[in-house]
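Close look at the chain arrangement
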Amino acid sequence: RGHLVGDYALMVHHVAPGSESEVREVSPYDVLVSADGAPVPSLEALAAASLRARAAQRPLQLILLRFAGEDAEQLFEFQLRALPVDEVSWAGSVP
């Protein structure tokens, strides 16, 4: 896309200890790029994608962006990761 800031709206802020997300190495500050290949500009869009996957009885495919840590060779190195999930949850409520 040419630039990153403002391209993605949702970021992981907390991963519950012992959760499936922790087992799959999801980390705080991972950025959600897409759900089932579609952009997710809001929690409502993520909830809708999750409901569609659940109705089809299949995992939801999430793509997460992670900025490389201290061992990165370049300042803006990052990784894209695919993560199939059976259920999405969040703190708070979705309007």
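It should be emphasised that the depicted structure is a prediction, and the values quoted were computed from it without experimental measurement. (Residues numbered from 1 in each chain as written. Predicted model: local features only at pLDDT ≥ 70, side-chain atom pairs only at ≥ 80, totals over all residues. Heavy atoms only, no water.)

1. Some thoughts on the overall build of the chain
In terms of helices and strands, the chain carries 2 helices and 5 strands. Helices and strands appear in the chain in the N-to-C order β-α-β-β-α-β-β. Looking at the chain as a whole, 27% of its 95 residues qualify as buried. The long-range fraction of contacts in the chain, counting pairs at least 24 apart against all pairs at least 6 apart in sequence, stands at 48%. (Helix = DSSP H or I, 4+ residues; strand = E, 2+ residues; numbered from the N terminus. Buried < 20%, exposed > 50% of the residue type's maximum accessible area, 1.4 Å probe, protein only. Contact = heavy atoms within 4.5 Å.)

2. Focus on unusual backbone geometry
Look at Glu25: it is not a glycine, yet its phi comes out positive at around 65°. For Gln57, which is not glycine, the phi dihedral falls at a positive 55°. Mapped onto the secondary structure, Gln57 falls in the loop between helix H2 (43-55) and strand S4 (60-67).

3. Description of the nonpolar core
Judged by nonpolar contacts, the single largest core of 14 residues is most densely connected at Leu32, Ala35, Leu46, Leu60 and Leu62. Contributions of two or more residues to this core are made by strand S2 (31-35), H2 and S4. (Core = buried A, V, L, I, M, F, W, Y, C linked by side-chain atoms within 4.5 Å.)

4. So, the environment of Tyr29
Its location among the elements puts Tyr29 in the loop between helix H1 (20-23) and S2. On a C-alpha basis, the gap between Tyr29 and His14 in space is 8.3 Å, while along the polypeptide they are 15 residues apart. Sequence-distant contacts of Tyr29, that is, excluding residues within four places in its chain, are made with Met11, Val12 and Leu65.

5. Topic: the pairing of S2
Counting buried residues along S2, 5 of its 5 residues qualify, which places the element largely inside the surrounding structure. Where strand S1 (residues 10-11) lies against S2, 2 bridges are found, and the strand directions are antiparallel. Bridge pairing in S2 links Met11 to Val31. Where S2 lies against S4, 4 bridges are found, and the strand directions are antiparallel. Along S4, the bridge assignment pairs Ser34 with Ile63. Joining the antiparallel neighbours S2 and strand S3 (residues 38-39) is a turn of 2 residues, in which Asp36 adopts a positive phi near 55°. (Pairing = 2+ DSSP bridges.)

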